[in-house]
Amino acid sequence: AAEIREELDRLVFESVIQKRKLLHEATGHEYPFSRYLDDALVGREHELSIHVITPLNEHTGDLNTIRMRNLGRDELAVVLPPDDRFVLDLMNYKRTDKYIRQTRSVHLRGDAERILATKGEQNAARYRELASRVRTLLGSARLLVRGDEIDLRTEDPLTRVTNAFQTLVDKVHINLGMLRGHRFNETEIGQHLRRAEGSLLGTEGSELTEAEQEVINFTRNNERQGLRTTAKAVVERLERKPYGWSYAAILCTLASVLGRGKLEANVDSELLTGNALEQALGNDRTLGNLILQPQVDFSSAQVRGLREFFTDFFDRQPEAADARRLGNQTAEAFASLRTELERLQEKQTSYPFLATLTHLIEQVRGASGKPYDWYLRELPAQADALLDAKEDVLDPIRNFMEGSQRSIYDEATTLLREQQANLGYFGRAEAENIRATLADPACFKGNALRDLKTQVDTLRREMERRIQQERAEARTTVQNLRQQLEGLPEMQDLAEPDRRSVMEKVDSALNAIDRGALIALIREEALRFQNESYPRLLERITMATAPPRDDQANRDTDSEGAAEPPPPQYVASNTLRVRYTKPYLATEADVDDYLRTLRARLIAEILAGRRITV
C-alpha cells in the first residue's frame, strides 16, 4: 500500500499539479498545502490540504460519505471517478516493475533477457498510459470544499485544482477580506510606515482599516491578559486561519499601525522610530525581540494644548496630529532650538549681550531629549516660563541677529576698533557713549540701536573731517619744504634726472600722507620728511652741484698745511636738543638765557660742518 501511495503521489502531485504552493489570485500570495491520498498524509502538513480520493479508496463512488467527511476539514477534496481498469493497470505496473528490478540483479542470457526487456518496454508504455489516465480522471473529478461541490467547466486538471483552491482559501481564511484585495510586498514596509507618519491629518483625519484594527486588538487583548506581544507573535497569529495573510501583508499593516502611533515598538526598552524601526521590521531575525505595546491614551485637551504650545513657541504648525508623533516632533524641535541657541552663544565674544541667553538655554536643555509622553504630561508646567523667555529674550535676539540692528552693532564695533588710535586725539566722549551702548546687556531691545546709528554716523563724519584736516596740514608742511627746494640756486644747476629724482621723493611723501588713515601716522610722515628726508635731499643737491675735486689735491695739503673741508651735512633745527637747566621760562632774563643757550648749540653745529634747516 505504501508503494502504491508513493506512485500515486508521483502521478498526481508531481506529474500533474507539480507545485508545493498554489497562488491565491486575489491576494497574490502563494499558500503551501498538505498532500493527502485516500486519507493518508504524504509529506509535510500545512493548514490547507488537497485530498485526492482515488479509485482505490473504499468510499469511491459514495459521494455523500466523502462530502460528510469533507465538511469539517480545511481541504480541497478531489474525488476521482471509479476506474477498475486504472486500479488493475496500476497494480500490474507496480508488480512488473518490482519483478524487473529484482530479476535484473540475476545474470540472464538469451531469450530470458529479451523477454525481460520486452516486459520493461511494455511496462513503460503502461506507465505513460497511467499518467494520461490520471490527467483524464483529474479533468472529470468532483471537487468539494467544506461539503460544497465546485462546478468548473474546464477539463484541464491543473486549472481545475488551482481554481478550486481559490475557493478553499476564501472559505478557510475568511478574514482575507480585511486586506481589501491589496497586494503587498516586503519592499513597501518603509512606504507604509512613512505614509502614516507623514500624514498631515494623522489618525484623527483617517479611519483605521479592519486589518489595522485587528493588529491593535490582538496586542491589546494580550496586554489585558498580561502577555507580551512581539512582532513575531503578530506574524504567527495572522499567518494562520482565519486570517491567512501573507508575511508582507502582515508587516506592511503593522508598519502602518506603528506609523499612525497606535502602537509602539521597543527593543531592549528603547523606543524605535523612523529608519531604525523600518530596519527592525525588515529583518525577520529581530521580530522576536521587537516588543509591541499600545500607545498610552492622552486626552484631546492634552494633545490640543501641546499643539498650541508648539505653534506659539516654534512659530509654525506641527505636522503631526496624534500624541506620539506630536511628542516626538516637539522633542526634535527642542533639540534643533538647543543647537541654534548654543551656536548663538558661541558668538558671545562679538556680541556680549548674548550672555542673556544662558537661562533660556538651560530651560531648553531641560526640555530636550525627553520621551514623547513627557511633552504631554510634564511640559505644560514649564510652558508659561518658556513662552515668556521667548517673548522677552529669544524673539528680540533673533530679530536683532537677522535684521538691520546687527549691521548697526557691527558698524559701531568696527569703527571703534579701526579708529582706536585716532580716538586718542579727539572724540573720546563720543566713543565712550558708543561703548556703553554696545556693552548694555539689553541693547538688542527697544530703540537703543537706532540712537547708536546716529552717534556712529556723527563720529564717523567728524573722524573723516579731522583726518582730512591733518592731511591738509601735513601736505602744507611738505609743500613748503618743496618750495624751498625748488627755490635753491643749486636746484637750477642739477641735471634733469637728479632734479626728477628729488621731486619723486617729495611726491612719495605726499602720497603717503594722502593714503594715511591714522592721524599719528600722517603727522609722523610729515615730521619724517621734515627731519630726515629733507636734510638728506639738501645734502644730495649740494654734493651734486659741488665743483669736481682733484684727486691729487685731495691727497696733498695746500701751502698753508690745511686740508680741503668735507661736503656739508644738514640737520633739522627741531631735532636739536638744547640742554637748559630750568623746566620752563618765566622772565625776560629766562628768555635771554635760553636764547643764548640755543645760539651756542646752533653755532656748535655750524662749526662742526653741519647746516641747519629751518
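Residues numbered from 1 in each chain as written. Predicted model: local features only at pLDDT ≥ 70, side-chain atom pairs only at ≥ 80, totals over all residues. Heavy atoms only, no water.

Colleague: I would appreciate a short explanation of the pattern of salt bridges in the present structure.
Modeller: In a structure, side chains of opposite charge can pair up when their charged atoms sit close to one another. Tallying each qualifying case throughout the model produces 42 salt bridges. Linking R114 and D111 is a salt bridge whose minimum nitrogen-to-oxygen distance equals 1.8 Å. Taken together, the positions of R114 and D111, both in helix α4 (residues 111-139) and three residues apart, correspond to about one turn of that helix. Two residues, R475 and D514, come together in a salt bridge whose shortest N-O distance is 2.8 Å. (Salt bridge = Lys/Arg side-chain N within 4 Å of Asp/Glu carboxyl O. Helix = DSSP H or I, 4+ residues; strand = E, 2+ residues; numbered from the N terminus.)

Colleague: For this particular structure, what's the right way to read unusual backbone geometry?
Modeller: Both trends apply: most residues other than glycine have a negative phi, and most peptide bonds are in trans. A cis amide bond, omega 10 degrees, links K241 with the succeeding residue P242. Within the secondary structure layout, P242 lies in the loop between α8 (231-239) and α9 (247-260). Unusually for a residue other than glycine, D38 sits at a positive phi of about 50 degrees. Structurally, D38 can be placed in the loop between β2 (29-37) and β3 (40-42).

Colleague: Even after reading the chapter, I still don't get the packing of aromatic side chains, so can you show me in this structure?
Modeller: In this description, an aromatic ring pair is defined by two values, namely the gap between the centres and the angle between the planes. Counted by the stated rule, this structure contains 20 aromatic pairs. For the pair F400 and Y409, a centre-to-centre distance of 5.8 Å together with 80 degrees between the ring planes defines the contact as edge-to-face. Classification of Y409 as buried rests on a relative accessible area of 2%. One cation-aromatic arrangement involves R35 over F13; the distance from NZ or CZ to the ring centre is 5.9 Å. (Phe/Tyr/Trp six-rings, centres within 6.5 Å; stacked < 30°, edge-to-face > 60°. Buried < 20%, exposed > 50% of the residue type's maximum accessible area, 1.4 Å probe, protein only. Lys NZ or Arg CZ within 6 Å of the ring centre and 35° of its normal.)

Colleague: Would you take a moment to explain the packing of helix α16 (residues 404-418) against helix α18 (residues 448-487) for this structure?
Modeller: Close contact between α16 and α18 brings their axes to 10 Å; oriented N to C, the two are set at 35 degrees. Seen from above, α16 lies across α18 with left-handed handedness. In this structure, α16 contributes Q405, I408, Y409, E411, A412 and L415 to the contact, and α18 contributes L449, L452, K453, V456, D457, L459 and R460. A breakdown of the residues in the contact of α16 with α18 according to their chemical character gives eight nonpolar, one polar and four charged. (Axes fitted to C-alpha atoms, helices over the stretch in contact; angles between N-to-C directions. Left-handed = near helix turned anticlockwise from the far one by under 90°. Contact = heavy atoms within 4.5 Å. Nonpolar A, V, L, I, M, F, W, Y, C, P; charged D, E, K, R; others polar.)

Colleague: When you look at a negative patch on the surface in this model, what are you seeing that I'm missing?
Modeller: Together, D384, D388, E391 and D392 give the surface a local cluster of negative charge. Looking at the element boundaries, D392 is found in helix α15 (residues 380-402). (Patch = residues over 30% accessible without salt bridge, like charges linked within 9 Å, V, L, I, M, F, W, Y side chains within 5 Å. Areas by Shrake-Rupley, 256 points an atom, 1.4 Å probe, with all protein chains shown as cover. Lys, Arg positive; Asp, Glu negative; His and termini not counted. Charge placed at Lys NZ, Arg CZ, Asp CG, Glu CD.)

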